[in-house]
Amino acid sequence: MNLAGIDPILLLASLMVAATPILLAAIGELVVEKAGVLNLGVEGMMIFGAIAGFVVGVETEAPMLGFAAAALAGAVLSMLFGILTQVLLSNQVATGLALTLFGLGLSALLGQGYVGIKAPVTADFDVPLLADIPVLGPILFQHDPILYLSIGVVVATWAVLRYSRIGLILRAVGESHDAAHALGYKVVRIRLAAIAFGGACAGLGGAYISLIRVPQWTEGMTAGAGWIALAIVVFASWKPWRVLLGAYLFGGIAVLQLNLQAAGVKVPVEILSMSPYLITILVLVIMSSDRARAALNAPAALGRVFHASN
């Protein structure tokens, strides 16, 4: 065992990269749940975004086009969930789980011809002046543009939810859709817009894995990241800044585990393998208990069906 071989600067920089896909998916799901919708299909949208972004990135040799395609693919797939749950009034939990299975299967089909192909390189963006700061420069200011975008999305989400009229309406719909409907707000349209935003963020998160973090296509490469994102939203009490901290904490654990294994410390891989399933059960238990949801400051109408005729 050789812990001296672990570079703390590289470890912290890798932490930010590992956390980015989870952060993007989690902040998108936070907006969806703030609107009163529980979408358990985050994993499916992430993996679909991963293959869509990878295919477009490889074929055009333009990673940024790949990320745009991934965001669009995630939003389109999320609309399937939105129409089923908000228009046809299907069960949100069952539909979300079905969306995950659909995304996993479709991505595996589309990705058969892309196994073993390397993604085009996404150039890092070194922040002028700040990138040259010792220690902090390599950790914080020498990353790819999507990583900085993920932090910007968190800041923008916090500001919109807290200070804007749009954020107020979104939170009102999530707290009492009947009251919002009585005031004249289009509850279904608002929720569909939130669902599309969440899908786009999940797609971006998936593409980040296939285009930057790995970077190649492997079937099932999200490996439970969507479920982790769902859990982070719950345990962050639906607050954007806590989502940021939660994503970085999980990213740190994942990177540290890999570094410890490389250093010779025996860390059972099976613990991480089973974590998505344990997290799924835990999230469903919390969501099924009104008392637990209230204690965590969950939106009051989360997961409840809205009938426009009410």
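Keep in mind that this is a model prediction, so the values were computed, not measured.

Draft legend 1. Representation of the overall build of the chain. Along its length, the chain carries 13 helices and two strands. The 310 residues of the chain split such that 50% are buried. Accessible surface for the chain amounts to roughly 14,200 Å². Of this, 69% is attributable to carbon and sulfur atoms.

Draft legend 2. Representation of the side chain of T157 in the model. Tracing the backbone shows T157 in helix α6 (residues 145–163). What T157 contacts, discounting residues up to four positions off in sequence, is I27, L30, V31, F197 and P240.

Draft legend 3. Region of interest: the packing of aromatic side chains. According to the stated counting rule, one finds four aromatic pairs in the structure shown. Ring geometry for F54 against Y114: centres 6.3 Å apart, planes inclined by 90°, an arrangement best described as edge-to-face. Remark: Y114 occurs in the loop between α4 (92–110) and β1 (125–126) and F54 occurs in helix α2 (residues 42–60); sequence separation between them is 60 residues. Judged by centre distance (5.5 Å) and plane angle (90°), the ring pair of W158 and Y163 falls under edge-to-face. Given a relative accessible area of 27%, W158 falls into the partly exposed group. Note on Y163: relative accessible area 59%, which makes it exposed. Following the ring pairs from residue to residue traces out a cluster consisting of W158, Y163 and W241.

Draft legend 4. Seen up close, the side chain of T100. Relative to the helices and strands, T100 resides in helix α4. Under the relative-accessibility criterion, T100 is labelled buried at 4%. Not counting the four nearest positions on each side in its chain, T100 is found in contact with L40, G41, V42, E43, G44 and W227.

Draft legend 5. Molecular detail of a nonpolar patch on the surface. A contiguous nonpolar patch, built from L80, I83, L84, V87, L88 and F102 and spanning about 520 Å² of accessible area, is present on the exposed surface. The dominant element in the nonpolar patch, judged by the number of residues it contributes, is helix α3 (residues 63–87), at four residues. L80 sits in the partly exposed class, given a relative accessible area of 39%.

Draft legend 6. Region of the structure containing the environment of V214. Topologically, V214 is positioned in the loop between α9 (187–213) and α10 (225–235). Each C-alpha atom of the pair V214 and A119 lies 8.8 Å from the other, and the pair is 95 residues apart in sequence. Non-local contacts of V214, meaning those with residues more than four positions away in its chain, are made with I209 and M221.

Draft legend 7. Structural context of the packing of α6 against α9. Between α6 and α9, whose axes approach to 11 Å, the crossing angle comes to 155°. By the criterion of interaxial angle, the relationship of α6 to α9 is roughly antiparallel. Of the two elements, α6 crosses α9, and the hand of that crossing is left-handed. Two secondary-structure elements touch here, α6 through I146, L147, L149, V153 and T157 and α9 through F197, L204 and Y208. Here the contact of α6 with α9 is composed, by residue class, of seven nonpolar, one polar and no charged.

Draft legend 8. The arrangement of unusual backbone geometry in detail. Along the chain, V214 connects to P215 via a cis peptide bond; the corresponding omega equals -25°. The topology assignment puts P215 in the loop between α9 and α10. Residue S237 is not a glycine yet carries a positive backbone phi of 55°. Following the sequence through the fold, S237 ends up in the loop between α10 and α11 (240–262). According to the relative accessible area criterion, S237 is buried, its value standing at 10%.

Draft legend 9. Structural context of the nonpolar core. Residues F67, W217 and Y248 are the most contacted members of the largest nonpolar core, which totals 78 residues. Mapped onto this core, the elements with two or more residues apiece are α1 (8–34), α2, α3, α6, α7 (165–175), α9, α10 and α11. When residues no more than four places from it in sequence are discounted, the contact partners of Y248 are L15, M16, A19, L23, L147 and I151.

Draft legend 10. Summary view of the environment of V154. By the secondary structure assignment, V154 is in helix α6. The sequence separation of V154 and G28 amounts to 126 residues, and the corresponding C-alpha distance is 9.2 Å. With residues up to four places along the chain from it excluded, the contact list for V154 reads L23, I27, P240, W241 and L244.

Draft legend 11. Region of interest: the environment of F48. With respect to the secondary-structure elements, F48 resides in helix α2. Each C-alpha atom of the pair F48 and G105 lies 9.2 Å from the other, and the pair is 57 residues apart in sequence. Excluding residues that lie within four positions of it along the chain, F48 makes contacts with A73, L77, L106, S107 and L110.

Reading guide: rules and limits
- Residue indices begin from 1 for each chain and proceed along its sequence in written order.
- The predicted origin of the model limits local features to residues at a pLDDT of at least 70 and limits the giving and counting of side-chain atom pairs to 80 or more, whereas totals for whole chains, interfaces and linings rest on all residues.
- No hydrogens and no water enter the side-chain calculation; it runs on all heavy atoms of the structure.
- Numbering of helices and strands starts at the N terminus; helices are DSSP runs of H or I of at least 4 residues and strands are runs of E of at least 2.
- Burial classes follow relative accessibility: with a 1.4 Å probe on protein chains only, a residue under 20% of its type's maximum area counts as buried, one over 50% as exposed, and anything between as partly exposed.
- All accessible areas in this document rest on Shrake-Rupley with a 1.4 Å probe, and a residue is counted as covered only by the protein chains that are shown.
- The contact criterion used throughout is that any non-hydrogen atoms of two residues lie within 4.5 Å.
- Ring pairs shown here join Phe, Tyr and Trp side chains whose ring centres sit within 6.5 Å, with only the six-membered ring taken for Trp; geometry is labelled stacked below 30 degrees between planes, edge-to-face above 60, and tilted in between.
- Only residues whose relative accessible area exceeds 30% and that take part in no salt bridge are eligible for patches, with like-charged residues grouped when within 9 Å of each other and nonpolar side chains (Val, Leu, Ile, Met, Phe, Trp, Tyr) grouped when within 5 Å.
- Salt bridges are defined by distance alone: a side-chain nitrogen of Lys or Arg within 4 Å of a carboxyl oxygen of Asp or Glu.
- Angles here are taken between N-to-C directions and fall from 0 to 180 degrees, while the axes themselves are lines fitted to C-alpha atoms, restricted in helices to the stretch in contact.
- Should an angle fall under 35 degrees it is taken as roughly parallel, and over 145 as roughly antiparallel, whereas 65 to 115 is taken as roughly perpendicular and any remaining angle as oblique.
- Left-handed is the label given to a crossing in which the near helix is rotated counterclockwise from the far helix by less than a right angle, and right-handed is the label when the rotation is clockwise.
- Ten residues, namely Ala, Val, Leu, Ile, Met, Phe, Trp, Tyr, Cys and Pro, are considered nonpolar, four, namely Asp, Glu, Lys and Arg, are considered charged, and the remaining ones, Gly among them, are considered polar.
- The criterion is simple. A nonpolar core is a set of buried Ala, Val, Leu, Ile, Met, Phe, Trp, Tyr and Cys residues joined through side-chain atoms within 4.5 Å.

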